[in-house]
Amino acid sequence: MKKVLLWGIMLISGTILAQDLPANPEPGKCYVRCTTPDVYENQEVKVMISPAYKKLRVIPATYKTVTEQVVVKEASKQLRVIPAVWGTEAVSYVKKQGADALSIDPARLSPSSETVEIKPAYSQWELGAKAPDCDSSDPNDCRYWCYKGYPAEYVTIKTKVLANDASVSSSAIAEKASSYTKKVVTAPARVEEIEIPAKYATITKTVVDTPAKTVEETVEAVYKTVTKEVLKTKGGLTEWKEVDCALLEYTNLNINWNLGSATLTASAKAEIDAKLLPVLNNNAGSKVEIASHTDARGTAESNQVLSERRAQAVSNYLISKGINPSRLVSNGYGERQLLNRCSDGVSCTEREHRANRRTQFRMINNE
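Sequence order as written defines residue numbering, which begins from 1 separately in each chain. Under the rules for a predicted model, residues below a pLDDT of 70 receive no local features and side-chain atom pairs below 80 are neither given nor counted, while totals for whole chains, interfaces and linings still include all residues. Only hydrogens and water are set aside when side-chain values are computed; all heavy atoms of the structure are taken into account.

(A) Broad picture of the sheet that holds strand 21 (residues 287-293). Note on pairing: two strands pair once DSSP finds at least 2 bridges between them. Helix and strand definitions follow DSSP, with helices as H or I runs of at least four residues and strands as E runs of at least two, each counted in order from the N terminus. Pairing within the open sheet is mixed, and its four strands lie in the order 20-23-21-22. Two strands bound the open sheet, and with one partner strand each, they are strand 20 (251-253) and strand 22 (328-334). Between one strand axis and the next, the sheet turns through 30° on average, direction left out of account. Of the pairings in the sheet, the one linking strand 21 to strand 22 comprises six bridges and is parallel in character. Orientation is described by axes fitted as lines to C-alpha atoms, over the contacting stretch for helices, and by angles from 0 to 180 degrees between their N-to-C directions.

(B) Here's a closer look at the state of the cysteines. The disulfide definition used here is simple: a pair of cysteine sulfur atoms within 2.5 Å. Following the criterion strictly, the structure yields one disulfide and no others. Residue Cys342 pairs covalently with Cys348 via a disulfide, S to S 2.2 Å. On the sign convention where negative means left-handed, the S-S torsion of about -110° between Cys342 and Cys348 marks this disulfide as left-handed. Exposure remark for Cys342: the relative accessible area of 0% places this residue in the buried category. Judged by its relative accessible area of 17%, Cys348 falls in the buried class. Remark: exposure states derive from per-residue accessible area (1.4 Å probe, protein chains only) relative to the maximum for the residue type, with buried under 20%, exposed over 50%, and partly exposed in between.

(C) A look at the layout of surface pockets. Cavities and pockets are found on a 1 Å grid laid over the protein atoms alone: a cavity is a set of points where a 1.4 Å probe fits but cannot escape, a pocket is an open set with protein on both sides within 12 Å along at least five of seven lines, and a lining residue has an atom within 4 Å of such a point. Grid points are joined across faces, edges and corners, and a volume is the space filled by probe spheres set on the points. The space that makes up the largest pocket amounts to roughly 500 Å³. Residue lining of the largest pocket: 23 residues in total, with Trp257, Asp295, Arg310, Arg357 and Arg358 positioned closest to the centre. Broken down by element, the lining of the largest pocket gets its largest block of residues, four residues, from helix 3 (residues 300-320). Grouping the amino acids of the lining of the largest pocket by side-chain chemistry returns five nonpolar, ten polar and eight charged. Think of it as three bins: nonpolar holds Ala, Val, Leu, Ile, Met, Phe, Trp, Tyr, Cys and Pro, charged holds Asp, Glu, Lys and Arg, and polar takes everything else, Gly as well.

(D) Main features of the packing of aromatic side chains. Centre distance within 6.5 Å is the pairing criterion for rings of Phe, Tyr and Trp, where only the six-membered ring of Trp is used; planes under 30 degrees apart are then read as stacked, over 60 as edge-to-face, and the remainder as tilted. Applying the stated criterion to the full structure yields two aromatic pairs. Pairing Tyr93 with Tyr180 gives two aromatic rings, centres 5.9 Å apart and planes at 50°, and the pair type is tilted. Taken together, the residues Tyr93 in strand 7 (residues 85-96) and Tyr180 in strand 14 (residues 176-187) connect sequence positions 87 residues apart. On the basis of relative accessibility, which here comes to 35%, the residue Tyr93 falls in the partly exposed class. Judged by its relative accessible area of 41%, Tyr180 is partly exposed. Summarising the aromatic geometry, the rings of Tyr122 and Tyr150 are spaced 4.9 Å apart at their centres and angled 20° between planes, so their arrangement reads as stacked. Here Tyr122 is found in strand 10 (residues 122-127), whereas its partner Tyr150 is found in strand 11 (residues 145-150), with 28 residues between them in sequence. Any Lys NZ or Arg CZ found within 6 Å of a ring centre and within 35 degrees of that ring's normal is scored as a charge over the ring. A cation sits over an aromatic face here: Lys46 above Tyr223, 5.8 Å from the ring centre.

Rendered as structure tokens:
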């Protein structure tokens, strides 16, 4: 089995090997040989050479003598009434509840005053008296104007202001307590039961120890197994098919196997359904290798067997999904292809070991 990766046209000794290669290949593209071979399966057929039948054998009944105690007077009970016991107790109560006494302090006013401006200050022009030495016949020629100012006028009013506002003060009035006496039950009335035992007598009787019966023995049928080969799927012709070059390289399946287990979990099946099943369905007749690897912990022999079981588990799941078994190759590589330094005797982290535990697939030639 090998994968064919064609980068351009391959020339060997100047001769094109067209017989084994796809016709008209294109540079940079990848091709695989796809075929659907005849698929046979073995079926086992059972042939009955002697039928099953029964043998019957009678075993008679056996008897034994036994003694038995029987009740000649049944048990009963006698009832005795014990009256209640009374006592007294003092009960305290509040005879008069406590309260608050309130007193009022009235508001107090103090005398005061307030000055109010009743007329503001002002100035104006005024005509003065006639000059005594004026020679003009017009008296206005000898008069002058003066700009005079007058002060503001105020009045003082008696007022009152609030010295203290009215308030309320309180003083507590203590509560008064008292008590009374009441009768209480210190022990309730009850009924006491006195058991009167039953009376017994002993009798003797003969009983069946084991009843008569038949023993059935079955003689098993005798079969002979015959294996025959049956054609399951008729194969088709071999052909070359162009595929994505990435499918020729190993692709990881994100499967987290349980320790030492080769059973697929629900998440593992979902991963196969999402990544691998579409590749097989979209490339009819192609062939896929399923490769499983382990880390180096444990023996090489047990790791080899475990990796083979895990690869086969993936194949079996794909077969259950309708994939032809002839298109699947399951290979277990154990711990032979480690990706890092974590071989036997080397101390590694869990993350480093996890890198070596992987399950992969790639497309291969169908030869």
